[in-house]
Amino acid sequence: MKVPTSCTSDSADKIAAKPVAEPLPYRSFNSYLGERFGAKVYRVPIDVGFDCPNRDGVRAFGGCTFCDERGSGAPTIDTALDVKSQLITGVERIRRRYGAEKFLAYFQAFSNTYAPEGILRVLYESGLQHPDVVGLCVGTRPDCVPDNVLDLLAEFHRKSFMWLEMGLQSAHNRTLDLINRAHTAEEFFDAVKRAKQRDIPAATHLIFGLPEETPEMMMETVRRVARSGVDGVKIHQLCVYKGTPMEVDYRLGKLPLLDEDVYVQLVADALELLPPEMVIMRLVAEGKRDELLVPEWSFEKSRIMEKIVAEMRRRGTRQGSRFVVRESVGECVESRV
Ligand code: SF4
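Residues numbered from 1 in each chain as written. Predicted model: local features only at pLDDT ≥ 70, side-chain atom pairs only at ≥ 80, totals over all residues.

Sorry if this is basic, but what is going on with the overall build of the chain here?
Looking only at helices and strands, one finds ten helices and eleven strands in the chain. Per-residue burial for the chain yields a buried fraction of 51% across its 337 residues. If you take every contact in the chain between residues at least 6 apart in sequence, the share linking residues at least 24 apart comes to 80%. (Helix = DSSP H or I, 4+ residues; strand = E, 2+ residues; numbered from the N terminus. Buried ≥ 20, exposed ≤ 12 C-beta atoms within 10 Å, placed from the backbone. Contact = placed C-beta atoms within 7 Å.)

Written out as structure tokens, the structure is:
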């Protein structure tokens, strides 16, 4: 699964591009990639026309209630192009814009393991056919990673670099039902376990502010993810995109959204609960006005990022401040700094 289009830029640490005096209070994806590759690495979104079992009727129809018609693909992609051409175009665009040196081919839109193994192999191979591409990112759903597909991803990870992203959004099955995810939390944690058994780096996506969720429920999701073994996480606020089922609920007044100050507190709480080594891929979603309806503060991502960092500094905490692993039993507990 992927999150909506405008939520997928590698911008959890765009704030890092600013001349800040202190290091960020969390481990950003950019810094992780920099450590891993010794270069400035960005992802190039690829859309090869996968579908999603939550849309085609295999699991459900209609998709997740927050998902837009592109299934989270980036608007910059010309889907008429083949993988190689999408890569060439994307690499040059991102190199010019961000000064990137190396790239990951990011299979982003819809569910990018939702095809027979032989087709996946050809597509992933084609994602590596650029001299400056150093690996692959594959976004999908936890119910779309059978063992043979994970074996394939592990094979690519051995010869290159593979970063698997599986959406969870919430660890509460009632919430997953409310947003029509059509998979359970148990399926997610089982998929993570099977990915980790193969040493595949795995990340997940969480949304704060989903229908009927309390702050306690959101933090329970964070605690379960913290203990799951995932290597990275994207967190973002619930956004209402145009043309989605959630737009209807919002216009009917049935969908309360988080205030930005509440969101900042929630993200700071979450960062404290996550393991210090976990890679933070995103902390705020952003969007374009022709796609994203609300919340309005989504259009000021940099300002919200600065508020999150300022809140962590005000608290004197950082990522992992309340996460402790009890080595003897492998159990994770909280401890207040
Ligand atoms: S899993 Fe949900 S969010 Fe992901 S592509 Fe399918 S419908 Fe969209």
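Hey, could you run me through the sheet that holds strand β1 (residues 41–46) in this one?
As a general point, the strands of a sheet are linked pairwise by backbone hydrogen bonds and lie either parallel or antiparallel. In space, the seven strands of this open sheet follow the order β1-β2-β3-β4-β5-β6-β8, with parallel pairing throughout. On the outer flanks of this sheet lie β1 and β8 (279–282), each paired with one strand and no other. Within this sheet the neighbouring strands show an average axis-to-axis angle of 25°, counted without direction. Two strands pair when backbone bridges link them, and strand β6 (residues 232–237) and β8 are joined in this way by three bridges, in the parallel orientation. Bridge pairing in β8 links lysine 234 to arginine 282. The sheet strands contacting helix α3 (residues 117–127) are β1, β2 (102–107) and β3 (133–140), and the helix crosses β3 at an angle near 140°. Against the sheet, helix α4 (residues 147–159) makes contact with β3 and β4 (162–169), and its axis sits at roughly 135° relative to β4, the strand it touches most. (Pairing = 2+ DSSP bridges. Axes fitted to C-alpha atoms, helices over the stretch in contact; angles between N-to-C directions.)

So what exactly am I meant to see when it comes to the packing of helix α9 (residues 260–273) against helix α10 (residues 301–315) here?
Between two packed helices, both the angle of their axes relative to each other and the distance between the axes serve to describe the pair. Packing of α9 against α10 leaves a shortest axis separation of 9 Å and a crossing angle of 55°. Overall, the two elements α9 and α10 adopt an arrangement that is oblique. By crossing handedness, the relation of α9 to α10 is classed as right-handed. Between α9 and α10, the residues in contact are Glu260, Val264, Gln265, Val267, Ala268 and Leu271 and Ile304, Lys307, Ile308, Glu311, Met312 and Arg315, respectively. Partitioned by chemical class, the residues of the contact of α9 with α10 number seven nonpolar, one polar and four charged. (Parallel < 35°, antiparallel > 145°, perpendicular 65-115°, else oblique. Left-handed = near helix turned anticlockwise from the far one by under 90°. Nonpolar A, V, L, I, M, F, W, Y, C, P; charged D, E, K, R; others polar.)

Quick question: what am I supposed to make of the packing of helix α7 (residues 215–226) against α9 here?
At their nearest, the axes of α7 and α9 sit 9 Å apart, and the two run at 25° to each other. Between α7 and α9, the crossing angle belongs to the class labelled roughly parallel. α7 and α9 meet at a crossing whose hand is right-handed. Counting all contacts with α7, which are made through Pro215, Met218, Met219, Val222, Arg223 and Ala226, the residues of α9 involved are Leu266, Asp269, Ala270 and Leu273. Taken together, the residues of the contact of α7 with α9 sort by class into eight nonpolar, no polar and two charged.

Got a minute to help me understand helix α6 (residues 185–197) in this structure?
Working note: α-helix, 3.6 residues per turn, so residues spaced by three or four point in the same direction. Helix length check: α6, at 13 residues, gives a terminal C-alpha distance of 19 Å against a target of 18 Å (1.5 Å per residue), a fit within 8%. For α6, the full list of buried residues reads Glu187, Phe188, Ala191, Val192 and Ala195. Looking down the long axis of α6, one finds its buried residues gathered within 135° of arc, a one-sided arrangement. Away from the buried face of α6 by more than 90 degrees, exposed residues Glu186, Lys193 and Gln197 are located. Check the buried side of α6 and you find it contacts α4, β4 and β5 (202–208). (Expected span 1.5 Å × (residues − 1). Arc of directions from axis to C-beta.)

Is there a simple way to explain the environment of proline 45 in this structure?
Relative to the assigned elements, proline 45 resides in strand β1. For proline 45, a count of 24 C-beta atoms within 10 Å gives the class buried. It is 10.0 Å that separates the C-alpha atoms of proline 45 and valine 138, two residues lying 93 residues apart in sequence.

Would you mind going over α4 with me for this structure?
For α4, with 13 residues, the first-to-last C-alpha span of 19 Å sits near the 18 Å given by 1.5 Å per residue. Summarising the contacts, the buried residues of α4 are in contact with α3, β3, β4 and α6.

So what exactly am I meant to see when it comes to the nonpolar core here?
Among soluble globular proteins, nonpolar side chains are generally buried collectively. Formed by 98 residues in total, the largest nonpolar core has its most connected members in Ala105, Val233 and Val267. When residues in this core are grouped by element, the largest group, eight residues, is from α9. If sequence neighbours within four positions are ignored, valine 233 has contacts with Ala203, Thr204, Leu206, Val225, Leu274, Met278, Ile280 and Met281. (Core = buried A, V, L, I, M, F, W, Y, C linked by C-beta atoms within 7 Å.)

Where do I start with unusual backbone geometry in this structure?
Trans is the prevailing form of peptide bonds, just as negative phi is the prevailing case for residues other than glycine. Between valine 294 and the following residue, proline 295, the backbone shows a cis peptide bond with an omega angle of 0°. Along the polypeptide, proline 295 turns up in the loop between β9 (292–294) and α10. Notably, phenylalanine 110 is not glycine yet its phi reads approximately 55°, a positive angle. The residue phenylalanine 110 is located in the loop between β2 and α3 in this model.

I keep staring at the environment of leucine 255 and nothing clicks. Help me out?
Tracing the sequence through the fold places leucine 255 in the loop between α8 (245–251) and α9. When the 18 C-beta atoms within 10 Å are taken as the criterion, leucine 255 is described as partly exposed. The sequence separation of leucine 255 and glutamate 212 amounts to 43 residues, and the corresponding C-alpha distance is 9.0 Å. When near neighbours in sequence (up to four residues on either side) are disregarded, leucine 255 contacts Pro211, Val240, Met246, Asp249 and Tyr250.

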